[in-house]
Amino acid sequence: MRAVVFERYGTPAQVREVPDPEPAEHGVVVRVEATGLCRSDWHGWMGHDPDITLPHVPGHELAGVVEAVGSRVTGWRPGDRVTVPFVCACGTCPACAAGDQQVCERQTQPGFHHWGSFAEYVALDHADVNLVAIPDDMSYATAAALGCRFATAYRAVVQQGRVAAGEWVAVHGCGGVGLSAVMIAAASGARVVAVDVSPQALGLARKFGAAECLDATGVSDPAAAVRELTGGAHLSLDALGSPATCAASVNGLRRRGRHVQVGLLPSADGTTPVPLARAVALELELLGSHGMAAHAYPGMLRLVRSGVLRPDLLVTSTLTLAAAPAALAAMGTAPGAGVTVIEPWSRA
Ligand SMILES: [Zn+2]
Ligand SMILES: [Zn+2]
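From a predicted model like this one, the values you see are computed outputs, not experimental measurements. (Residues numbered from 1 in each chain as written. Chains lettered and ligands numbered in written order. Predicted model: local features only at pLDDT ≥ 70, side-chain atom pairs only at ≥ 80, totals over all residues. Heavy atoms only, no water.)

**Some details on the pairing of strand β15 (residues 339-342)**
Point 1. Burial of β15 is two-sided: the residues Val-339 and Val-341 facing one way and the residues Thr-340 and Ile-342 facing the other way are all buried.
Point 2. Judged from the three bridges that link them, strand β3 (residues 28-37) and β15 form a sheet pairing that is antiparallel. Considered in β15, the bridge of Leu-37 is made with Thr-340.
Point 3. The sheet contact formed by strand β14 (residues 315-319) and β15 spans four bridges and is parallel. Within β15, the position partnered with Ser-317 by the bridge is Thr-340. (Buried < 20%, exposed > 50% of the residue type's maximum accessible area, 1.4 Å probe, protein only. Helix = DSSP H or I, 4+ residues; strand = E, 2+ residues; numbered from the N terminus. Pairing = 2+ DSSP bridges.)

What follows is the structure, given as structure tokens:
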């Protein structure tokens, strides 16, 4: 099969022939019809993820068709249209037994722990725990966008963030996950203030329901600007993942507000400064959010099918596999607005 492969961190990936994957006993191989390009893929390519071994194939937001099934899989057959959370759970550890597959103790993430979906085929573990059927009327590109960013944003806003109608929700960083969060919070009846430095991203945030858009370019204290607009957010997300946006998110909250850290925070020593004194004084809640378990998808999919949520609108460009290496490298500096989806079988 053809796949995007990198041999060294931060050096250009190549599209080349590699052996087709085989399914594990409990796993499947999926023919990849669409796979999203996410900032986490860029982090992996840069060497920020200790789970990756070289050479490597990135890609963790995917949708496609089951091609081959392991001998112990009972729920899926070749030809099934599927997607998968980026955290593939084991199904048997204590976290899984509690229903928290998104923080499974033995999780495998395609494109991190093993070769991912920037390829014509991808192997996925523990299919009976992790696969999600795609509704017949949903495109592969839309379904691919659910796997990481949209589902992550859904869990962050609805489940971890416990958004309520009428609340002010601040979203710091309006890339794929941030725009998804804007859409989901607005659809939940919240008033959303979107914060970014890209006019394009803020334009999309407005389109997806943001009541206020704050261009942080040249703004010395975005948190103060958020407090001025909202009186302090009830719920705030750092959807980018940087020390500055994390601090701005916490500092923009009102008393007893909730901060949800969604963006990954890679740093040299593995720690990020957080304004904890404010968290104490204002009784803030500081929460993390990490994907979403497969069993939680049906509630989200119902809202997508009824048209309340429109992940299809997030997909702003589609690429061939050949164009993926350059797009991967560009994610660090010029991520573009919205979600880019790679179609590995497209030659156009
Ligand atoms: Zn991702
Ligand atoms: Zn588990």
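**Quick notes on the coordination of the zinc ion (ligand 2)**
Point 1. Around the zinc ion (ligand 2), the donor atoms from the protein are Cys-90 (SG), Cys-93 (SG), Cys-96 (SG) and Cys-104 (SG), and they sit 2.3 to 2.4 Å away.
Point 2. Metal-centred angles of 101 to 115° between the four donor atoms at the zinc ion (ligand 2) mark the site as tetrahedral.
Point 3. The sequence pattern formed by the donor residues of the zinc ion (ligand 2) is C-x2-C-x2-C-x7-C. Residue Cys-90 is found in the loop between β5 (81-83) and α2 (94-97), and its partner Cys-104 is found in the loop between α2 and β6 (121-124); the two are separated by 14 residues along the sequence. Considered together, Cys-90 and Cys-104 belong to a single accessibility category, that of buried residues. (Donors = N, O, S within 2.8 Å, 3.2 Å for Na, K, Ca; no water. Tetrahedral: all angles 85-135°; square planar, octahedral: opposite > 155°, others 65-115°.)

**A short note on the nonpolar core**
Point 1. Among the nonpolar cores identified, the biggest contains 53 residues, and Phe-150, Val-169, Val-182, Leu-237, Tyr-297 and Met-300 are the most heavily contacted of them.
Point 2. Listing elements by their share of this core, those giving two or more residues are α4 (140-160), β8 (168-172), α5 (176-187), β9 (191-196), α6 (199-207), β11 (233-238), α10 (297-305) and β15.
Point 3. Not counting the four nearest positions on each side in its chain, Val-169 is found in contact with Val-163, Ala-185, Ala-190, Arg-191, Val-192, Val-193, Leu-235 and Leu-237.
Point 4. Within the second largest apolar cluster, 22 residues are counted, among which are Val-18, Val-57, Ala-327 and Leu-328. (Core = buried A, V, L, I, M, F, W, Y, C linked by side-chain atoms within 4.5 Å. Contact = heavy atoms within 4.5 Å.)

**Here we look at the domain arrangement of the chain**
Point 1. Along its sequence, the chain is organised into domain 1 (2-148 + 292-343) and domain 2 (150-288).
Point 2. Taken over C-alpha atoms, the centre of domain 1 sits 25 Å from the centre of domain 2.
Point 3. Carbon and sulfur atoms supply 72% of the area buried between domain 1 and domain 2, which totals about 1,800 Å² over both sides.
Point 4. Linking domain 1 with domain 2 are zero salt bridges, by the criterion used here. (Domains from an automatic or database assignment. Buried area = accessible area lost by both parts, 1.4 Å probe. Salt bridge = Lys/Arg side-chain N within 4 Å of Asp/Glu carboxyl O.)

**Points about the coordination of the zinc ion (ligand 1)**
Point 1. Each protein donor to the zinc ion (ligand 1) is listed here as Cys-38 (SG), His-60 (NE2) and Cys-148 (SG); together their distances run 2.0 to 2.2 Å.
Point 2. All donor residues of the zinc ion (ligand 1) come from one chain, and their arrangement in sequence is C-x21-H-x87-C. Remark: Cys-148 occurs in helix α4 and Cys-38 occurs in the loop between β3 and α1 (39-46); sequence separation between them is 110 residues.
Point 3. Accessibility expressed as a relative area gives 4% for Cys-38, which makes it buried.
Point 4. Here Cys-148 falls in the buried class, since its relative accessible area comes to 6%.

**So, the pattern of salt bridges**
Point 1. Counting across every chain of the model gives 10 salt bridges.
Point 2. A salt bridge links Glu-61 to Arg-149; its shortest N-O distance comes to 2.5 Å. Separated by 88 residues along the polypeptide, Glu-61 in strand β4 (residues 61-69) and Arg-149 in helix α4 bring together distant segments of the chain.
Point 3. A relative accessible area of 0% means that Glu-61 is categorised as buried.

**Points about the environment of His-48**
Point 1. Along the polypeptide, His-48 turns up in the loop between α1 and β4.
Point 2. For the pair formed by His-48 and Gly-203, sequence separation is 155 residues and the distance between their alpha carbons is 30 Å.
Point 3. The contacts of His-48, once residues within four sequence positions are left out, are Trp-42, His-43 and Pro-266.

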